[in-house]
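The primary structure of each chain is shown beneath.
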Amino acid sequence: MKREYADGGRWMRRALLLLVFTGLLLAAGGWGAPASYAADDCHTKQLRTARVTTSVRLKHDGENYSRAETQLSVQVPKSWKPARNLLLNGDTERYRAAMRCVLRYPGDLYPYRDTEGRPWAPRVTVQEKWITVDQVAVTYVDDRRDRDFGPWRITVGKRYWTLALTRPPALDHSWWQRITVDLGGRAARSVSPTPTEGSATHLVWTRPKAGGRTLDVVVEVQPPATKALATRWNEKPWYLARSVAWMAWDLTLFGVLLYLVRVLRRSPVSSVPTPAERATRRNLLLWSCLTAGVVLVFELDDQMPSLAGDYGVLSWWPEHRAAIHLMLAACGGAALCFFGRPRAGAVAAVVAATAYPVAVAVVPERFGLPANIWLHEDNVKDVQHLRDTHGFLWLAVACGCVAFVWMVATLAAAQRLRLAPRLTSSGASQRGRFPWWALPACAALSAALVALGLWATRNAWKQETWLSTAGWDPYYDRWRLAYVANQGLAWFPSTWPDWFPLWTGWLTGMAMLLAVLAARSAAPGAARVAPRMPDSLVLAVFFVAMVAPSPGWYVGLPAPLLSVPPVLAAGWALLALGRRRSVLGQELVPGTPLRAVIKESDRRWLIESARKYRDLHSQLRQWEQGDRDGERAELETKLDLLHRWNPDDTASPYSGDPLPASVDAVELALAWGPRATWWLNARRAAILAAVLALPATGVAFWADRVRGPLWSNMTREQFGIAGLVEYVIASEAIWAAAGFVLGALWRVLPGRRGPAKALGLGLVYAAPVALHWVVTRALGESFGTWALDVALTVLVLTSTGVAMDIGTFRQEDHYWPTRMTLLLSIYQLRTASVQLAFFVAQLVALVGVWQQLKGNDPTVLIQPQPPTGTQGGPPEGGTP
């Protein structure tokens, strides 16, 4: 008995120890975890009285991709236990847990959404008995992923899209008072359950009182064909379509530049080309070939992972994609750097800065990085090794080196372009001086760009995981570190060549063509009045490729080539009209137009004749009501004498010949312009346009980067903040370049005064925008702010034309108290009429800008799908 009793006691002790051990395990597993793990931390029974309304609106017309916007309003009673937590700071865990109850799945501690844009955080308001949470969420259906936004999900099929309500579980038994679905003018293919009210395109479900069966709303709709087509370009094999479209533009431009080089070689300004001509032509050829090769390499690098995965070509490429990007980005920048040929110190810095990223790409393990550089949060060993070896820092340094190499390459190329038009001998070197401060400045800017990119990645992380638990969980810390390391650093070498050379290469191309024109304009025997045919061809390429807008994105594909024909057609028509109707195109004698006779030495006679002409006309206006016929006849005789070619130029065979009947002395002076040659006129107009465009740049900056949610979008783009500086530089460069073309063609454009000449060029600029408007109306896509862009461009060009006219009579500045009074004298207009015209123009401009911007919601930034062969989505088991 004692033994049996002992055995029974031993069994009881073991059972008790097992029970205690199990309890400790359960306690240890739950220790430190947030209350969200509890069975009913949301106190669902207390939310039965909560009132919920939601609406969703699909918008197809006027959008590049179908837009879906939802509004959710949840009224929870103040008696709900976590209600007060809704008023806390968004970084607190209690706030996030409460928000997960009313907006998401409370049991999912790691909610992740990269398909949802939120213009602002949920707005929480307090009433007498309720606390209300209002959330707005937006998504754009630009691919065939399922898209969760707010309490809704869009499932994209080949023909039909399914819109389904996904209620937060804690609100399953709440009072869903009203559910509204606006299908954007299109009837549904199927609806479940039957709506309470509404129409075929506007469905409404209402519940007059709490309780009853919950509504599982599911609507199937067929989108417009263009919007459905726009979602296909990430699928096999259609993802090649975008590359084909861009490469068509790049290869066409490459072919045009090669043809331009051939024309310039065959048509030098003088019989023996100057060293500057040869150098600028050679630079253009080398730069065209080098950039074409770089574009091909990086386009192939972007598409090779998809091709490898779908067709089994180079199957190792996707796994090592980040390393390949890093190596190619560093070597591509070095290749462009050697085009600039900087001095030995800069070359040594570039070689070192190129070698380091290559070493990181080849042996990433030596720098504490995973074998393929891409970090997985589930791999605890790799994450810990990264922390212990400071691999994050070494990868950041590699990204900074990539940026440094490209910056040095850009500055070196700029130095080469600056020196080429000044060469005076064939043996002179184009090796840039490269100032001593450039290297540390490039290093500092590179570090700043990497830091800003990491900061933007952190902001994007907060946007996509704003309801995830934080600050206590090791998995969350690993997840966040992996996200920032992958998106902010490992992916940096892939996005850098798509961003930095996109606009610096464009600026370099602009400078390259300007250098060619500068060298040809300084050569012996160069045209002084207007550009000759080869120079006009360079100007045409300059305007089409660097200045004219290229707004074409249709059904999700770029179409830059579509903007070329309208620009060329409008430019040809403008110049053809100018040959017949411009002031200098009028014939002084049969077969001899004024542009063949006039020269800079005639300027003094032009200005004096124009001044006398204005004085005489002023006297005539004063005598309009008088009867002094004799004096009037005397004035008319003087005017007739002024209407003759320069009588002081006795060497000219046309001295004293009458001017064309439609040309007076003032118009002749204005047609010649403020400077001696067409090149100097172009330079003057470019400077004036750049200065006068500063207010226009501010307006465009606000419209395209600041208004609505656009400003907050900048903080989540990897190069968003740097893109602001890029935007300002690019805007100023485009308007300065447009002014340059205006000045270069000043003497051959139709119109008798500067504003008329500017209007003609403005119409050429607007030609592709007009075509874009027609196509977007036909396809139901967004027109954007292009109308504002055209209005601002015409305003800048018109102001430049007025400033050029004032500059033509700059010798008279000391005769007039202000430039405005001088302008009134030049244009021979009364002050009242000018003020009235100015007032009307301002009203028209204000109305146009208002109509352009009101109700035009800017696009909310939504992070793109993670690249092929990488991990960037939610963790396993998490709700997308």
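Residues numbered from 1 in each chain as written. Predicted model: local features only at pLDDT ≥ 70, side-chain atom pairs only at ≥ 80, totals over all residues. Heavy atoms only, no water.

A. A look at the environment of Val 544. Mapped onto the fold, Val 544 is located in helix H13 (residues 533-547). With a relative accessible area of 16%, Val 544 lands in the buried category. On a C-alpha basis, the gap between Val 544 and Tyr 765 in space is 9.1 Å, while along the polypeptide they are 221 residues apart. Setting aside residues up to four positions removed in sequence, Val 544 forms contacts with Val 564, Val 567 and Leu 568. (Helix = DSSP H or I, 4+ residues; strand = E, 2+ residues; numbered from the N terminus. Buried < 20%, exposed > 50% of the residue type's maximum accessible area, 1.4 Å probe, protein only. Contact = heavy atoms within 4.5 Å.)

B. Seen up close, the sheet that holds strand E7 (residues 161-165). The strand order across the open sheet built from five strands is E5-E6-E7-E12-E9, with neighbouring strands paired in antiparallel fashion. Each edge of the open sheet carries a strand with a single partner, namely strand E5 (147-149) and strand E9 (188-192). Sheet twist, expressed as the mean angle between neighbouring strand axes with direction ignored, is 15°. Looking at chain direction, strand E6 (residues 152-156) and E7 are connected through five bridges and run antiparallel. From the neighbouring strand, Ile 154 faces E7, where its bridge partner is Leu 163. (Pairing = 2+ DSSP bridges. Axes fitted to C-alpha atoms, helices over the stretch in contact; angles between N-to-C directions.)

C. Inspection of the packing of H13 against helix H21 (residues 720-744) at higher detail. Running from amino to carboxyl end, H13 crosses H21 at an angle of 160°, the nearest separation of the two axes being 10 Å. Comparing their axes, H21 and H13 come out roughly antiparallel. Considering how the two elements wind past one another, H13 and H21 form a crossing that is left-handed. Contact residues: Leu 539, Phe 542, Phe 543, Met 546 and Val 547 in H13; Ile 734, Ala 737, Ala 738, Phe 740, Val 741 and Ala 744 in H21. Residue composition of the contact of H13 with H21, by class: 11 nonpolar, no polar and no charged. (Parallel < 35°, antiparallel > 145°, perpendicular 65-115°, else oblique. Left-handed = near helix turned anticlockwise from the far one by under 90°. Nonpolar A, V, L, I, M, F, W, Y, C, P; charged D, E, K, R; others polar.)

D. Focus on the packing of aromatic side chains. Tallied over the full model, the rule gives 26 aromatic pairs. Considering the side-chain rings of Tyr 475 and Trp 479, the 6.4 Å spacing of their centres and the 35° angle between planes classify their relative orientation as tilted. With Tyr 475 and Trp 479 both in helix H11 (residues 474-490), this residue pair falls four residues apart, about one helical turn. Trp 479 carries the same exposure label as Tyr 475, and that label is buried. Feature note: the residues Tyr 110, Tyr 112, Trp 461, Tyr 475, Tyr 476, Trp 479 and Tyr 483 constitute an aromatic cluster, connected by ring pairs. Residue placement shows Arg 614 over the ring face of Phe 809; its charged tip is 5.1 Å from the ring centre. (Phe/Tyr/Trp six-rings, centres within 6.5 Å; stacked < 30°, edge-to-face > 60°. Lys NZ or Arg CZ within 6 Å of the ring centre and 35° of its normal.)

E. Here's a closer look at the pattern of salt bridges. A complete count under the given rule lists 20 salt bridges for this structure. With a shortest N-O distance of 2.8 Å, Glu 69 and Arg 67 are connected by a salt bridge. For Arg 752, the salt bridge is made with Glu 667, and the minimal N-O distance between the two is 2.8 Å. Linking Arg 752 in the loop between H21 and helix H22 (754-779) with Glu 667 in helix H17 (residues 665-672), this pair joins segments that are 85 residues apart in sequence. Because the salt bridges share partners, they merge into one network encompassing Asp 114, Asp 142, Asp 143, Arg 145 and Arg 147. (Salt bridge = Lys/Arg side-chain N within 4 Å of Asp/Glu carboxyl O.)

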